[in-house]
Structures are given as C-alpha cells and as structure tokens.
Amino acid sequence: KNMKDRRRGRILFVSSMSGAMPGCPSVAVYAATKSFEKSLASSLGRELERFGVGVTCLLPGAVKDTSFASTSAVEDAACFHFPGYAKTPELVAAEGIKGLMLGYPEVYPGWENRLFVKMGLPMLPSR
C-alpha cells in the first residue's frame, strides 16, 4: 500500500535557501528548481495532511565539504566564507530528519538561516 492508503508516512524534499530567495544571480536554473521544490512540498503537504502523510521541505544554506561551490562557480559567495555559516552535512541531515519527524513544513538548518528567512528575506527586493 502507498502512504495515502495506509494513512501515514513522511516525505522529505531537499531544496535550498536559493529556493526561498527572490533571485540568485549565476545560479538561476538551480534556484528556480529549488523554488519549485519548495512550492511542490507546500502544496503536497496541504493535499496529503488529511491522509496523515507529512511533507517537509529542507532548505539548507551553504554546506561544508561538498563540491557545490566549485561546480556551480559560486566559491566566492559570502556564505562559504562567513565563519560558522556553512553547516556540516551531518547537521543538515539531522535537522532535516528531526523536522520531518516533528511534522514541520519547512526546515532551515542553522540559526543564521532561520534569522535570514524571518528578518532579511522580507526586506529583499523581488529583483
């Protein structure tokens, strides 16, 4: 049986802080796909909650020890150089699983990301 028929289950989408921002120069296609994931997770979450299926969207910022910065040509971005900002893959995964199990619709690993989403993001222009 699928989760909907069993009336229980959890789905975790892995998006990005880029998907929460109004525009990300040099990574437009990446940011657009991550924004779509965020929207899809939100829509599915609302659609499936009456069936007992939880949907969480994990939106990490910079993650240490990955090749993302170099393969995306964003290694000069401030988020990779600000001390303590980039999180370990283990911390990102742990916060994602914790939020999934607690039923959070969105998880932003690290206090810096949560602060930015609450206070900084609303002040950014749409372009």
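Residues numbered from 1 in each chain as written. Predicted model: local features only at pLDDT ≥ 70, side-chain atom pairs only at ≥ 80, totals over all residues. Heavy atoms only, no water.

### Focus on the pattern of salt bridges
Okay, so step 1: The full count for this structure, using the stated rule, is four salt bridges.
Okay, so step 2: Among the salt bridges present, the one from lysine 34 reaches glutamate 37, with a minimum N-O distance of 3.0 Å. Note that lysine 34 and glutamate 37 are positioned in helix H2 (residues 28-48) at a spacing of three residues, about one turn of the helix.
Okay, so step 3: Between lysine 87 and glutamate 112 there is a salt bridge, with its nearest N and O atoms 2.9 Å apart. Residue lysine 87 is located in the loop between helix H3 (68-71) and helix H4 (89-102), and its partner glutamate 112 is located in helix H5 (residues 111-120); the two are separated by 25 residues in the primary sequence. Assigned by exposure class, lysine 87 and glutamate 112 land together as buried. (Salt bridge = Lys/Arg side-chain N within 4 Å of Asp/Glu carboxyl O. Helix = DSSP H or I, 4+ residues; strand = E, 2+ residues; numbered from the N terminus. Buried < 20%, exposed > 50% of the residue type's maximum accessible area, 1.4 Å probe, protein only.)

### So, the pairing of strand E1 (residues 9-14)
Okay, so step 1: As paired elements, E1 and strand E2 (residues 53-58) share six bridges and run parallel to each other. Considered in E2, the bridge of valine 14 is made with leucine 58. (Pairing = 2+ DSSP bridges.)

### Regarding H4
Okay, so step 1: Along its 14 residues, H4 runs 20 Å from first to last C-alpha, staying within 8% of the 20 Å computed at 1.5 Å per residue.
Okay, so step 2: Along H4, the residues classified as buried are Val92, Gly96, Gly99 and Leu100. Angularly, the buried residues of H4 cover 105° about the axis, an arc narrow enough to put them on a single face. Exposed side chains of H4 directed beyond 90 degrees from the buried face belong to Glu90, Lys98 and Met101.
Okay, so step 3: On its buried side, H4 packs onto E1, E2 and strand E3 (106-107).
Okay, so step 4: Backbone geometry just after H4 places glycine 103 at a positive phi near 80°. (Expected span 1.5 Å × (residues − 1). Arc of directions from axis to C-beta. Contact = heavy atoms within 4.5 Å.)

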